[in-house]
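# Inside the fold
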Amino acid sequence: MTHKTLALAALLLAGAAAPPALAQGTAQLTKVASFGHQVTGITASRDGRLFVNFPRWSEDAPVSVAELKDGKPVPYPDEGWNSWRNARADELSPKDHFVCVQSVVADAQDRLWVVDAAAPAMAHVIKDGPKLVGIDLKTNKVIKTIPFDSTVALQGSYLNDVRIAPDGKTAYLTDSGAEGALIVVDLDGGSAKRLLAGDPSTMPDKSVTVSYDGKPLRRPDGRGVTFAADGIALSPDGKTLYWQAIKGKTLYSLPTDALTGWAASSLVPETLSDKSLSGKVARVGENGVADGLLITRRDGRMIVTSPQDDSVKMRDLSKADAPLTTLVQDPQLRWPDTLSEGPDGTIYLTTSHIQDSADYKPGAPVSLPTELWAIKPGADATGSTR
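Position labels on residues start from 1 in each chain and follow its written sequence. Restriction of local features to residues with pLDDT of at least 70 applies here, the model being predicted, together with a cutoff of 80 or more for giving and counting side-chain atom pairs; totals for whole chains, interfaces and linings are based on all residues. Only heavy atoms go into the side-chain values, all of them from the structure, while hydrogens and water stay out.

Another point: the sheet that holds strand 18 (residues 250–255). Note on pairing: DSSP must find at least two bridges between two strands before they are called paired. Put simply, DSSP H or I for four residues or longer makes a helix, DSSP E for two residues or longer makes a strand, and each gets a number counted from the N terminus. Pairing is antiparallel in the open sheet, where four strands are placed in the order 16-17-18-19. A single partner strand is all that each edge strand has here, and the edge strands are strand 16 (229–234) and strand 19 (282–286). Direction aside, the axes of adjacent strands within the sheet are offset by 25° on average. Only the stretch in contact is used when a helix axis is fitted, and all axes are lines through C-alpha atoms; the angle between N-to-C directions ranges over 0 to 180 degrees.

When you line up the elements, Glu67 lands in strand 4 (residues 65–69). Note on classification: 1.4 Å probe, protein chains only; a residue is buried when its accessible area is under 20% of the maximum for its type, exposed when over 50%, partly exposed between these limits. Among the residues examined, Glu67 registers a relative accessible area of 9% and is labelled buried. Throughout, a contact is declared for two residues whenever any of their heavy atoms are within 4.5 Å. When neighbours within four sequence positions are excluded, Glu67 is seen to be in contact with Arg49, Leu50, Phe51, Lys72, Pro73, Val74 and Tyr76.

This part is about the layout of surface pockets. In this model, the largest pocket occupies a volume close to 580 Å³. Counting only elements with at least two residues in the lining of the largest pocket, the list comes to strand 2 (42–44), strand 6 (101–106), strand 10 (159–164), strand 20 (293–295) and strand 24 (336–341). Here a cavity means grid points, on a 1 Å grid over the protein atoms only, where a 1.4 Å probe fits yet cannot get out; a pocket means an open set of points with protein on both sides within 12 Å along at least five of seven lines; lining residues are those with an atom within 4 Å of a point. Grid points are joined across faces, edges and corners, and a volume is the space filled by probe spheres set on the points. One number sums up the size of the second largest pocket: a volume of about 320 Å³. Along its surface, the second largest pocket is lined by 16 residues, and Met122, Gly177, Ala178, Thr226 and Phe227 are the ones closest to its centre. In this classification, Asp, Glu, Lys and Arg are treated as charged, Ala, Val, Leu, Ile, Met, Phe, Trp, Tyr, Cys and Pro as nonpolar, and every other residue, Gly included, as polar. Grouping the constituent residues of the lining of the second largest pocket by class yields eight nonpolar, six polar and two charged.

On to the pairing of strand 8 (residues 131–136), then. Both faces of the sheet carry side chains from a regular strand, because those side chains alternate between them. Most of strand 8 sits inside the fold, with six of its six residues counted as buried. Of the two faces of strand 8, the one holding Lys131, Val133 and Ile135 and the one holding Leu132, Gly134 and Asp136 are both buried throughout. Strand direction decides the pairing type here: strand 7 (residues 111–116) and strand 8, joined by six bridges, are antiparallel. The partner of Trp113 across the bridge, within strand 8, is Gly134. Bridge count between strand 8 and strand 9 (residues 141–147): six bridges; the pairing is antiparallel. Of the residues in strand 9, the one forming a bridge with Val133 is Thr145. Joining the antiparallel neighbours strand 8 and strand 9 is a turn of four residues, in which Asn140 adopts a positive phi near 60°.

So this is what it looks like as structure tokens:
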């Protein structure tokens with residue numbers, strides 16, 4: 001089945017060299033896997049292994065974290081960590097089970113980091129459930145669990161996405177819940193700080209309405225999409241952090257050295273106060289409504305998922321307020337969600353079909369079919385799906 005792909009020639013500005021990854025010609029969109037449940041996160045390890053996760057939004061998902069083997073999700077790291085069920089909440093400890101996983105990211109140290117928001121249906125946060133879990137990809141064993149107490153993951157929080165510093169010592173997360181925030185984690189010590197809580201850069205933009213199919217996307221009771229800080233990206237050198245609210249249009253950034261240094265201090269430095277940090281936040285430009293963010297290793301450009309128009313776009317971060325260029329647009333991309341870059345430069349993305357879920361579409365199936373896609377750089381003029 002053919003589909004619409006758009007040329008990338010517009011990326012090649014006058015006199016500029018072709019970026020080595022997503023370069024001249026066109027991008028090919030290929031379906032990697034289909035799922036019977038709502039998927040959000042995707043990550044590719046350094047050796048090309050693929051991992052996905054399934055949050056408990058509209059159903060009591062049978063698997064939270066999985067490795068794809070022959071295109072099929074296999075519980076990871078084992079059945080035990082994936083044995084939580086909402087219906088068994090009184091029987092199982094939330095400290096050592098995946099409760100409601102929102103994202104997975106593999107780092108340069110061959111560890112898989114799992115963000116457990118522990119808020120099924122994005123509602124009540126399960127006590128002792130919010131955590132960041134590290135798994136050694138060589139042994140496939142959990143090596144670290146960092147719990148988040150109520151000062152980090154508030155009642156009303158929904159921990160969303162994560163990026164890991166190149167040296168593997170710091171994690172940066174977004175909170176897209178009732179009060180948007182960034183969370184910075186010292187991975188060695190296991191401590192965490194909640195920063196820029198309620199700041200305009202992490203909160204929904206009231207002037208923005210998230211729409212789909214030409215009309216506002218609303219729940220049956222009239223509520224619209226209100227997700228705060230969601231997409232997050234880290235520059236390849238680890239020096240600049242980027243983020244954006246879904247109910248927003250503006251991409252923000254901050255030097256990471258403004259967010260760290262507190263782990264070794266007995267007192268939180270004044271420079272880490274929300275007021276001080278807010279003054280250092282930079283406005284990068286407007287992405288429009290966006291979900292997933294990723295900065296490619298090969299050329300340092302930012303990939304952006306754009307749910308409202310079924311597309312994936314690209315931003316040149318070397319130019320202030322640079323316009324976005326459409327990389328691929330296809331009606332099959334029903335809410336393009338999370339992004340990851342494979343070792344060969346392939347961009348993977350999930351389609352989570354949020355607009356098709358029971359939360360927004362009465363009568364929709366509780367078990368929502370979703371997909372994983374790959375965008376291949378430098379492909380044929382006409383891509384194909386399978």
